[in-house]
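# Examining the three-dimensional arrangement
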Amino acid sequence: MIKRLLLFLFAAPLFLHSAEYFVATSGNDRSPGSEKAPWRTITYGINRLQEGDILTIEPGRYFESADIRKKLKNVTIRARFPRSVFLYGDKKAPRFKKA
């Protein structure tokens, strides 16, 4: 019983500091990264993560190189839905012409 209590007391701070942030193709990197006001780029989101945080990426195509070698423990980077996020790190974003 005491061992379980001690384990909980030492592990609890890891979960108390975690936050969930969001990235969407319609977002803005000046936003707070919330579900209703997501960030625009995966790279921006990764650079703001702290230990224990979650970065949820909304469906879409992202044209950027995301460096996930940041030395953080216990961080989760996930797609909102399986097979719904496409990261094109080797291609430039398509150019649009005025109509």
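Located above this text is the structure these notes cover.
Notes on the structure follow. The structure presented is a predicted model; accordingly, all values stated were derived computationally and were not measured. (Residues numbered from 1 in each chain as written. Predicted model: local features only at pLDDT ≥ 70, side-chain atom pairs only at ≥ 80, totals over all residues. Heavy atoms only, no water.)

This structure, assessed with the given rule, holds 3 salt bridges. Ionic pairing is found between Glu58 and Arg80, a salt bridge with its closest N-O pair at 2.7 Å. Here Glu58, found in the loop between strand E2 (54-57) and strand E3 (60-62), pairs with Arg80, found in the loop between strand E4 (76-79) and strand E5 (85-87); they are 22 residues apart in sequence, far enough to count as distant. Through salt bridges with shared partners, one network takes in Glu35, Glu58 and Arg80. (Salt bridge = Lys/Arg side-chain N within 4 Å of Asp/Glu carboxyl O. Helix = DSSP H or I, 4+ residues; strand = E, 2+ residues; numbered from the N terminus.)

All right, on to the side chain of Asp53 then. Assignment of secondary structure puts Asp53 in the loop between helix H2 (42-48) and E2. Judged by relative accessible area, Asp53 falls into the buried class, the value being 2%. From its side chain, Asp53 meets the backbone nitrogen of Ala19 in a polar contact 2.9 Å long. A polar contact is formed between the side chain of Asp53 and the backbone nitrogen of Gln50, at a distance of 2.8 Å. (Buried < 20%, exposed > 50% of the residue type's maximum accessible area, 1.4 Å probe, protein only. Polar contact = N/O pair within 3.5 Å; in protein donor to acceptor, adjacent residues only side chain to side chain.)

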